[in-house]
Amino acid sequence: MTPDSPKKVLLVALGGNALIKKGQKGTLSEQFANLREPMQQIARLSRQYRLIITHGNGPQVGDLLLRQEALPELSHHPLEILVAQTQGWLGYMIESTLDGELTRLGVDLKSSLVSLLSYVVVDENDSAFKNPTKPIGPVLTPEQVKRADYPVTQTAKGPRRVVASPKPITIVEKREIKTLIRNGFIVICCGGGGIPVVREGRGFAGVDAVIDKDLASAKLAEDVGVDIFCIATDVPGLALDYGTPKERFLDEVSKKEAYDYLKTGQFPPGSMGPKVEACIKVLENGGQRTFICSTDEITKALDQKAGTHFSL
Ligand code: ADP
Ligand code: MG
């Protein structure tokens, strides 16, 4: 592929929750199997688009936290270290699954996949540090909720641990990512929203938080210049009255409608709220198309036959 080829840049933000389907325990073989469907689609799409894949890590970082809590005699790792670990864990799983699918399709991209450790700068005075909103880890049992010495919130799936989720300010590796996609590499980056850091002089220091991967992906789209922005998750799109008998999924939503629904609490912070905010931000910053769809329907949504599509 030649540098600066005219192919459009497609960013797919994969949900950490989508790697573990409802009712599954979340074993590694289940996570590998769940990656097959989106990676088959992405492998085919690589013929048509320059690709960036970002991914969440909510269930996986929660899993690491539970493991270290089960071994109190070992030294405790802060969240930024656990986020870095999940970038390696999921970067490996995504890269190897995609590599397999590319090979199966006969796409000559074998050497053109890169998983990049990514740092994302946040503001140490962000009010999120005082008000944790980001659910991580599994749904807790009533017994675990009673014993929890950390904040817990009620989510649509049940009670979960919450951690601080400050806003992303910039992606440290944006220039490198831009250069890689221009040169035909598929880049897997900003895993789990990126390793959260604050600036200390010319250097960085990690902070105890998990950045929302959808907001980090929107910031990356702005920093790098993305044409099409796709958030792939474990539901078919954006619903009104989600989880109630009146639930209905939207094919399209305008910025005004989305913000009105957001105000009335239709899209909770820590899950659908940031996805909506991310899709609107990308459009405002020059993105051509943004949508939320299920991980199994990325191609269908690109053809406008699935998902919820945003307009300004
Ligand atoms: P991901 O790991 O893909 O970021 P999240 O759990 O953060 O997934 O967000 C997707 C979840 O948002 C869905 O599984 C659903 O339970 C929840 N949700 C809450 N409100 C809505 C809504 N209005 N429409 C669709 N999904 C919603
Ligand atoms: Mg999420």
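For clarity, every value in this text was computed on a predicted model and none was experimentally measured.

Reading the values: rules and limits
Residues numbered from 1 in each chain as written. Chains lettered and ligands numbered in written order. Predicted model: local features only at pLDDT ≥ 70, side-chain atom pairs only at ≥ 80, totals over all residues. Heavy atoms only, no water. Salt bridge = Lys/Arg side-chain N within 4 Å of Asp/Glu carboxyl O. Helix = DSSP H or I, 4+ residues; strand = E, 2+ residues; numbered from the N terminus. Buried < 20%, exposed > 50% of the residue type's maximum accessible area, 1.4 Å probe, protein only. Disulfide = S-S within 2.5 Å. Near = heavy atom within 4 Å. Polar contact = N/O pair within 3.5 Å; in protein donor to acceptor, adjacent residues only side chain to side chain. Areas by Shrake-Rupley, 256 points an atom, 1.4 Å probe, with all protein chains shown as cover. Nonpolar A, V, L, I, M, F, W, Y, C, P; charged D, E, K, R; others polar. Contact = heavy atoms within 4.5 Å. Core = buried A, V, L, I, M, F, W, Y, C linked by side-chain atoms within 4.5 Å.

1. As for the pattern of salt bridges
Applying the stated criterion across every chain yields a total of 18 salt bridges. The partner of arginine 104 in a salt bridge is glutamate 101, with the nearest N and O atoms 3.3 Å apart. With a gap of three residues between them, arginine 104 and glutamate 101 both fall in helix α3 (residues 79-105), about one helical turn apart. In this structure glutamate 101 comes out as buried when scored by relative accessible area, which is 3%. When the shortest N-O distance is used, the salt bridge between aspartate 260 and lysine 256 registers 2.7 Å. One end of the pair is aspartate 260 and the other is lysine 256, both in helix α7 (residues 255-263) and four residues apart, which spans about a single turn. The exposure class assigned to lysine 256 is exposed, which follows from its relative accessible area of 58%. It is possible to trace a salt-bridge network through shared partners that takes in Arg36, Glu101 and Arg104.

2. Here we look at the state of the cysteines
Going through the model one piece at a time under the given rule, you end up with zero disulfides. Of all cysteine sulfurs in the structure, the one in cysteine 190 sits closest to cysteine 189, which takes part in no disulfide; the separation is 4.5 Å. For cysteine 189, a relative accessible area of 1% corresponds to the buried category. On the accessibility criterion, cysteine 190 (0% relative accessible area) is buried.

3. Some thoughts on the site of ligand 1
Taken together, 20 residues surround ligand 1, and among them Asn17, Thr233, Asp234, Ala239 and Lys275 come closest. Here glutamine 266 contributes a backbone N or O atom positioned 3.0 Å from a nitrogen atom of ligand 1. Separating an oxygen atom of ligand 1 from a side-chain N or O atom of lysine 275 is a distance of 2.6 Å. Protein chains shield 95% of the accessible area of ligand 1, which is 570 Å² for the free molecule. Class assignment of the residues belonging to the shell around ligand 1 gives a composition of eight nonpolar, eight polar and four charged.

4. Quick notes on the side chain of glutamine 87
If you trace the backbone, glutamine 87 turns up in helix α3. Polar side-chain contacts of glutamine 87 include one of 2.9 Å to the backbone nitrogen of serine 118. The residues contacting glutamine 87, other than those within four sequence positions of it, are His55, Tyr92, Leu116, Leu117, Ser118, Cys190, Gly191, Gly194 and Ile195.

5. Topic: the nonpolar core
Nonpolar side chains tend toward joint burial in soluble globular proteins. The biggest cluster of nonpolar side chains holds 43 residues, and the ones touching the most others in it are Leu11, Ile52, Ile177, Leu220, Phe229, Leu238 and Phe310. Breaking this core down by element, the ones donating at least two residues are β1 (8-14), α5 (174-182), β9 (186-189), α6 (213-224), β12 (228-233) and α8 (272-284). Discounting chain neighbours no more than four positions away, the residues touching isoleucine 52 are Val9, Leu10, Leu11, Val12, Ile177, Ile181, Val187, Cys189, Leu220, Val224 and Val226. Membership of the second largest hydrophobic core comes to 30 residues, among which are Leu45, Leu90, Ala232 and Leu302.

6. A short note on unusual backbone geometry
Positive phi values are uncommon outside glycine, yet cysteine 190 reaches one of about 55 degrees. Along the chain, cysteine 190 falls in the loop between β9 and β10 (195-200). You will see that aspartate 241, though not glycine, has its phi angle at about 50 degrees, which is positive. With respect to the helices and strands, the residue aspartate 241 is situated in the loop between β13 (239-240) and β14 (248-249).

7. Describing the environment of phenylalanine 32
Looking at where phenylalanine 32 falls in the secondary structure, it is placed in helix α1 (residues 28-45). Note: C-alpha distance between phenylalanine 32 and glutamine 288 (256 residues apart in sequence) is 32 Å. The residues touching phenylalanine 32, leaving out its near neighbours within four places in the chain, are Tyr92, Met93, Ser96 and Thr97.

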